[in-house]
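Below are the chains, spelled out letter by letter.
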Amino acid sequence: MSTDALKWAIEQAPPMPAQLVATLAGLANHADAKGKGAYPSLAKLAAYTCKSERTVRRDLRQLEELKLIRPGDPSKVAHISPDKRPEVYDLAMERKVPGGRAGDDEETRTSARTLASSRERGRAAREAKKARSDAESTQEREDVDVRGDADVRADVDVTSGGTWTSQRADVDVTSGGTWTSAKPSVEPPTNHPKNQEGVQTVTTHLTQVAERDAFGPSPIDVDGFELTDAMRAWSLRTFGPNLDVDYETAQFLDHFRAQNVSRPNWPTEWQKWIRRSAKYASERATRPPLRAVSGDYQPRPSTTDARVQQALDVGRRLQAMHDAKTQENQ
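My aim in this report is to walk through the structure given alongside it, one point at a time. Since we're looking at a predicted model, the values are computed, not measured. (Residues numbered from 1 in each chain as written. Predicted model: local features only at pLDDT ≥ 70, side-chain atom pairs only at ≥ 80, totals over all residues. Heavy atoms only, no water.)

Focus on the pattern of salt bridges
Phase 1: One pass over the structure, following the stated rule, counts seven salt bridges.
Phase 2: Here Asp59 makes a salt bridge to Lys51, at a shortest N to O gap of 2.6 Å.
Phase 3: Judged by its relative accessible area of 2%, Asp59 is buried.
Phase 4: Note on Lys51: relative accessible area 22%, which makes it partly exposed.
Phase 5: Arg70 serves as the salt-bridge partner of Glu94, at 3.2 Å between the closest nitrogen and oxygen. Highlighted residues: Glu94 in the loop between strand E2 (89-91) and helix H5 (106-155) and Arg70 in strand E1 (residues 69-71), separated in sequence by 24 residues.
Phase 6: Taking the relative accessible area as the measure of exposure, Glu94 reaches 54% and is therefore exposed. (Salt bridge = Lys/Arg side-chain N within 4 Å of Asp/Glu carboxyl O. Buried < 20%, exposed > 50% of the residue type's maximum accessible area, 1.4 Å probe, protein only. Helix = DSSP H or I, 4+ residues; strand = E, 2+ residues; numbered from the N terminus.)

Here we look at the packing of helix H8 (residues 229-239) against helix H10 (residues 266-286)
Phase 1: Between H8 and H10, the least distance of the axes is 12 Å, while the angle of their chain directions is 30°. The orientation of H8 relative to H10 falls into the category roughly parallel. Remark: the crossing between H8 and H10 carries right-handed chirality. Residues Met231, Trp234, Ser235 and Phe239 of H8 form the contact with H10, whose own contacting residues are Pro267, Trp270, Gln271, Ile274, Arg275 and Ala278. (Axes fitted to C-alpha atoms, helices over the stretch in contact; angles between N-to-C directions. Parallel < 35°, antiparallel > 145°, perpendicular 65-115°, else oblique. Left-handed = near helix turned anticlockwise from the far one by under 90°. Contact = heavy atoms within 4.5 Å.)

Some details on the environment of Trp270
Phase 1: Within the element layout of this structure, Trp270 appears in helix H10.
Phase 2: Overall, Trp270 belongs to the buried group, its relative accessible area being 0%.
Phase 3: Expressed as a C-alpha distance, the spacing of Trp270 and Leu227, which sit 43 residues apart in the sequence, is 9.2 Å.

A word on the packing of aromatic side chains
For any two aromatic rings, the description comes down to two numbers: the centre-to-centre distance and the angle of the planes.
Phase 1: Within the structure shown, the criterion is met by six aromatic pairs.
Phase 2: Consider the rings of Trp234 and Trp270, whose centres lie 5.7 Å apart with planes at 55°: the pair is tilted. With a gap of 36 residues between them, Trp234 in helix H8 and Trp270 in helix H10 connect regions that are remote in the sequence.
Phase 3: Classification of Trp234 by relative accessible area gives buried; the value is 7%.
Phase 4: Relative to Trp266, the ring of Phe252 lies with its centre 6.0 Å away and its plane at 85°, an arrangement referred to as edge-to-face. (Phe/Tyr/Trp six-rings, centres within 6.5 Å; stacked < 30°, edge-to-face > 60°.)

Brief notes about helix H4 (residues 53-65)
Phase 1: For H4, with 13 residues, the first-to-last C-alpha span of 19 Å sits near the 18 Å given by 1.5 Å per residue.
Phase 2: If you check which residues of H4 are buried, you get Val56, Asp59, Leu60 and Leu63. Across the axial projection of H4, the buried residues extend over an arc of 100°, all falling on one side. Residues of H4 that are exposed and point more than 90 degrees away from the buried face comprise Arg54 and Glu65.
Phase 3: Looking at the residues trailing H4, positive phi occurs at Lys67, about 60°. (Expected span 1.5 Å × (residues − 1). Arc of directions from axis to C-beta.)

See the structure below:
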């Protein structure tokens with residue numbers, strides 16, 4: 001250990017991101033007086049810095065990019081087994097701020113301002129990325145609603161006039177008057193399709209109050225979720241009538257309530273669930289049937305069973321020979 005190298009890492013090295021200081025100090029703890037030949041293992045650096053080995057590896061890469069460390073002489077670790085041989089690093093001790101990072105000279109202040117500006121740019125970039133992601137999620141949700149509204153009106157079969165108060169895709173009107181509203185009904189539809197057992201399904205969001213009273217609130221109830229007519233129309237248009245939307249939605253709600261986790265966009269998460277369920281159903285439908293086994297099939301004995309049987313036969317023969325010899329002696 002060199003106190004000069006350690007002092008350089010803690011006091012005199014140019015300003016750097018805060019998370020790199022501990023890793024640089026850990027390297028300096030194993031360098032010589034000139035800052036050369038440091039080769040602590042990743043596990044040891046992780047223990048020094050209270051980080052994971054993956055994070056330490058990332059810190060070392062960033063320190064190299066900042067030119068605060070560089071690869072050292074590999075002959076330093078020639079005595080270590082190749083599969084356990086660590087990397088060798090030299091510290092760039094020639095790079096230092098005159099008054100140290102705590103100094104008040106102009107160069108130190110400039111370096112500190114540059115580092116602060118870099119952090120601000122990073123924060124602004126992260127916020128811009130999050131804003132873009134939120135905007136894309138909102139646009140996708142609006143696209144689903146618009147497509148659903150258009151499909152609901154297109155799916156309705158009208159043979160004569162009628163008075164319309166609903167956008168339900170499963171309504172078949174043969175008499176009535178005039179369409180008076182394009183807004184979806186606030187009442188849940190009551191003519192849901194039947195499931196695979198032929199039983200009419202129950203609207204999933206009707207049971208939310210009872211579930212909340214029994215089990216307490218969950219993120220999916222707090223954030224809000226409702227199986228709308230537009231979502232039903234999307235599922236019917238995309239996957240056909242064979243997919244039980246009410247059953248899959250109930251499974252979807254139970255899964256996330258049991259996990260007690262939240263999602264930023266529940267309609268999009270529901271679409272992912274329906275796509276995955278439809279994929280699994282398609283794979284099950286196209287899976288080849290298992291080959292039937294005839295009644296006279298006899299399983300082939302294993303090698304171990306055969307050897308055990310041979311040993312038992314040898315034992316029986318030896319026992320018979322012993323009994324015969326005993327009778328002769330008598």
